[in-house]
Amino acid sequence: MSDVPVSRPRAAFLDWIESGFGLTLPFAIAVLVASVVLVAIGENPFEVFSLMVSESFGSSSRIAAMLSATTPLLFTGVATSICFRAGVFNVGVEGAFIIGGLAAAFIGFTLPAAMGFTLVPLAFAFAVFVSAIWLLIPGYLLARYDIEEVVSTLMLNFVALGITGYLVNGPLLSEQSGNNITPLIHEGAQLSRLMPPSTLHAGFILGLIVVAFYAIWTKRTPIGIESALVGHNRRFARAVGISIPTIIIIVMTVSGLISGLGGASHALGQLHRFAEGFSPGYGFTGMAVALLGRNTGLGILLGSILFGALASAGTTVQLFSDIPLDIVNIIEGTVMIFAVVEFGRISIRWRRRSKNV
């Protein structure tokens, strides 16, 4: 029996179901795995997860803390997704995020404090420039010489850690504080708080704007549409006249730009300086956000909130129970593993085939 043509409204509805199923099922499986582990160590999964939800969403201060943990992931999720859509497996967002953070902090504490609020755009501009160049390098190597981007971007993460570690313990080391940190940025370079006394800052609004622009970029701009075509079928993209090397360089450079925005936001809004351990793996968590969100704007937003809630609640739960923080790591790891499986697409295809039998 032949397939029956599907109307546009119904097709849109099926795509929405597919996307939602693909987002929720990996998390459900992760919760199930974590529940088994909790039972094995003698804990009540319902009580643990209830405590985690309460610590993430139970009050305005907790919501603010959760959104603060979400903020860096909005940037790293988008920075990763831009490359993933084009079939470029960029794992260097972590390094670009760190480099951008140091660049922004450098402007924030070296330029004269009398410059006031103008320090903020200057710090962001310098961070964006440095991080864009940082990922342009592996992008050019891939486009021009076909050098594997996974290896080059992964190695650049270690280079970023080495460079920033040297600078923060050497030329940029704070004379008033302990080791491994730079001086505080000037007050004029600090991003304003949104819900004081919480650490939620204006970088969260910037992150939402970045996600919104990404959603528009993927659907409404020629570069966004062409990069998706390159990711789906390079042979077809080449046949219709799309320059694949150009797309690769563009998406890698834009990925670096957004990573720099994220690093600058974290330095200027959260820490107000740069320190060793600046990123606890925001770039790698951004990969999980991108995979879970299926490289869509809404998916990135929801995925960032999910991982932000896990990060925010995980530490607090340890203080009020005997639950190890490793449980949160188990949930995050399991979500990332199953996020790569397109459950939604499998489900929709199975339903369509079953109707045609």
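Residues numbered from 1 in each chain as written. Predicted model: local features only at pLDDT ≥ 70, side-chain atom pairs only at ≥ 80, totals over all residues. Heavy atoms only, no water.

Enquirer: Lay out the packing of aromatic side chains with the relevant residues and their values.
Expert: Per the stated rule, a full pass over the model turns up seven aromatic pairs. An angle of 40° between the planes, with centres 5.6 Å apart, marks the rings of F97 and F278 as tilted. Taken together, the residues span a long stretch of sequence, with F97 in helix α4 (residues 93-110) and F278 in the loop between α10 (244-271) and α11 (282-292) at a distance of 181 residues. Like F97, the residue F278 is buried in the burial classification. By the ring-pair criterion, three or more aromatic residues cluster together here, those being F97, F274, F278 and Y282. (Phe/Tyr/Trp six-rings, centres within 6.5 Å; stacked < 30°, edge-to-face > 60°. Helix = DSSP H or I, 4+ residues; strand = E, 2+ residues; numbered from the N terminus. Buried < 20%, exposed > 50% of the residue type's maximum accessible area, 1.4 Å probe, protein only.)

Enquirer: If you had to explain the packing of helix α3 (residues 60-85) against helix α7 (residues 203-220) to someone new, which residues and values would you point to?
Expert: Packing of α3 against α7 leaves a shortest axis separation of 9 Å and a crossing angle of 25°. The angle between α3 and α7 falls in the class roughly parallel. For the pair α3 and α7, the crossing hand works out as left-handed. Across the interface between the two elements, L67, T71, L74, F75, V78, S81, I82 and R85 from α3 touch G203, F204, L206, G207, L208, V210, V211, Y214, W217 and T218 from α7. Here the residues of the contact of α3 with α7 sort into twelve nonpolar, five polar and one charged. (Axes fitted to C-alpha atoms, helices over the stretch in contact; angles between N-to-C directions. Parallel < 35°, antiparallel > 145°, perpendicular 65-115°, else oblique. Left-handed = near helix turned anticlockwise from the far one by under 90°. Contact = heavy atoms within 4.5 Å. Nonpolar A, V, L, I, M, F, W, Y, C, P; charged D, E, K, R; others polar.)

Enquirer: Tell me about the environment of T164, and name the residues and values.
Expert: Residue placement: T164 occurs in helix α6 (residues 149-168). Spatially, the C-alpha atom of T164 lies 7.8 Å from that of I98, the residues being 66 residues apart in sequence. In contact with T164, not counting residues within four places along its chain, are I98, I99, L102 and F274. Of note is the side chain of T164, whose polar atom sits 2.8 Å from the backbone oxygen of A160. At a separation of 3.3 Å, a polar atom in the side chain of T164 contacts the main-chain carbonyl oxygen of L161. (Polar contact = N/O pair within 3.5 Å; in protein donor to acceptor, adjacent residues only side chain to side chain.)

Enquirer: For the pattern of salt bridges, give the residues involved together with the corresponding values.
Expert: Pairs can form between side chains of opposite charge whenever their charged atoms are close. One pass over the full model with this rule turns up one salt bridge. Residue E55 is joined to R62 by a salt bridge in which the shortest nitrogen-to-oxygen separation is 3.6 Å. R62 sits in the partly exposed class, given a relative accessible area of 30%. (Salt bridge = Lys/Arg side-chain N within 4 Å of Asp/Glu carboxyl O.)

Enquirer: Lay out the nonpolar core in plain terms, naming residues and giving numbers.
Expert: Within the largest apolar cluster, 89 residues are counted, with the highest numbers of intra-cluster contacts made by M52, V78, V88, V251, F307 and I331. Once you skip the residues sitting within four places of it in the chain, I331 turns out to touch F27, A30, A34, F49 and L310. (Core = buried A, V, L, I, M, F, W, Y, C linked by side-chain atoms within 4.5 Å.)

Enquirer: I'd like a rundown of the side chain of S81, residues and numbers included.
Expert: Structurally, S81 is set in helix α3. Accessibility expressed as a relative area gives 0% for S81, which makes it buried. Each residue touching S81, except ones within four places of it in the same chain, is listed here: Y214, A290, N295 and I300.

Enquirer: Describe unusual backbone geometry, and please don't skip the residues or the numbers.
Expert: Residue P197 follows P196 across a cis peptide bond; omega there is 10°. With respect to the helices, strands and loops of the structure, P197 is situated in the loop between α6 and α7. Positive phi outside glycine occurs at D146, with the angle close to 55°. Examined against the element boundaries, D146 turns out to sit in the loop between α5 (119-145) and α6.

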